[in-house]
Amino acid sequence: MEEKEREIREIVEKSEKELHYHFDDGEIADVLLHTLRKCEINGKGDDYVPILFETELHDYVMRSAINAVGYMNFLKKGCGCYV
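In this text, all values refer to a predicted model and were calculated from it rather than measured experimentally.

Caption draft 1: Inspection of unusual backbone geometry at higher detail. Of note in this structure, His-20 is not a glycine but carries a positive phi near 55°. In this structure, His-20 sits in the loop between helix 1 (2–19) and helix 2 (25–41). Residue His-20 is classed as exposed on the basis of its relative accessible area of 75%.

The structure is reproduced here in structure tokens:
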């Protein structure tokens with residue numbers, strides 16, 4: 001189990017450097033659980049988890065950025081500011 005934990009931690013550290021984003025423990029847990037569910041649903045084995053987990057971390061940051069931009073646009077429209 002320690003080897004898998006180390007592998008997950010290495011994936012997180014690599015992704016943080018690439019994305020210039022720090023994942024808190026809750027985000028890591030959420031993304032990992034999502035990854036495990038996705039692997040189970042698609043019938044993928046444990047060997048696929050690291051590959052998918054890295055992709056899901058990147059997708060998480062992208063979705064967060066898109067949501068932030070959408071929210072900023074919402075706020076701008078709500079106050080009559082159009083940029």
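That was the structure; now back to the text.
Caption draft 2: Representation of the packing of aromatic side chains. According to the stated counting rule, one finds three aromatic pairs in the structure shown. Arranged with centres 4.9 Å apart and planes meeting at 65°, the rings of Tyr-21 and Phe-23 form a pair that is edge-to-face. On the basis of relative accessibility, which here comes to 26%, the residue Tyr-21 falls in the partly exposed class. Centre to centre, the rings of Tyr-71 and Phe-74 are 6.2 Å apart; their planes meet at 25°, and the pair counts as stacked. With Tyr-71 and Phe-74 both in helix 3 (residues 49–78) and three residues apart, the pair spans about one turn of that helix. Residue classification places Phe-74 among the exposed residues on the basis of a relative accessible area of 57%. Members of the aromatic cluster, connected to one another through ring pairs, are Tyr-21, Phe-23 and Tyr-60.

Caption draft 3: Local environment of the packing of helix 1 against helix 3. Contact pair helix 1 / helix 3: the axes reach a minimum separation of 10 Å and the direction vectors enclose 35°. Both helix 1 and helix 3 take part in a crossing whose hand is right-handed. Residue-level contacts link Glu-7, Ile-8, Ile-11, Val-12, Lys-14, Ser-15, Glu-18 and Leu-19 of helix 1 to Pro-50, Phe-53, Glu-54, Leu-57, His-58 and Val-61 of helix 3. Residue composition of the contact of helix 1 with helix 3, grouped by class: eight nonpolar, two polar and four charged.

Caption draft 4: Focus on helix 3. The first and last C-alpha atoms of helix 3 sit 42 Å apart over 30 residues, in line with the 44 Å expected at 1.5 Å per residue. Every buried residue belonging to helix 3 is among Val-49, Pro-50, Leu-52, Phe-53, Glu-56, Leu-57 and Val-61, and all of these are buried. Tucked inside the fold, the buried residues of helix 3 contact helix 1 and helix 2.

Caption draft 5: Inspection of the pattern of salt bridges at higher detail. By the definition in use, this model includes four salt bridges. One salt bridge connects Lys-14 with Glu-18, and the closest N-O pair in it is separated by 3.7 Å. Pair noted here: Lys-14 and Glu-18 are both in helix 1, with a separation of four residues, about one helical turn. Accessibility expressed as a relative area gives 41% for Glu-18, which makes it partly exposed. Residues Glu-54 and Lys-14 are paired through a salt bridge, measuring 2.9 Å at the closest nitrogen-oxygen approach.

Procedures and definitions
- Residues numbered from 1 in each chain as written.
- Predicted model: local features only at pLDDT ≥ 70, side-chain atom pairs only at ≥ 80, totals over all residues.
- Heavy atoms only, no water.
- Helix = DSSP H or I, 4+ residues; strand = E, 2+ residues; numbered from the N terminus.
- Buried < 20%, exposed > 50% of the residue type's maximum accessible area, 1.4 Å probe, protein only.
- Phe/Tyr/Trp six-rings, centres within 6.5 Å; stacked < 30°, edge-to-face > 60°.
- Axes fitted to C-alpha atoms, helices over the stretch in contact; angles between N-to-C directions.
- Left-handed = near helix turned anticlockwise from the far one by under 90°.
- Contact = heavy atoms within 4.5 Å.
- Nonpolar A, V, L, I, M, F, W, Y, C, P; charged D, E, K, R; others polar.
- Expected span 1.5 Å × (residues − 1).
- Salt bridge = Lys/Arg side-chain N within 4 Å of Asp/Glu carboxyl O.

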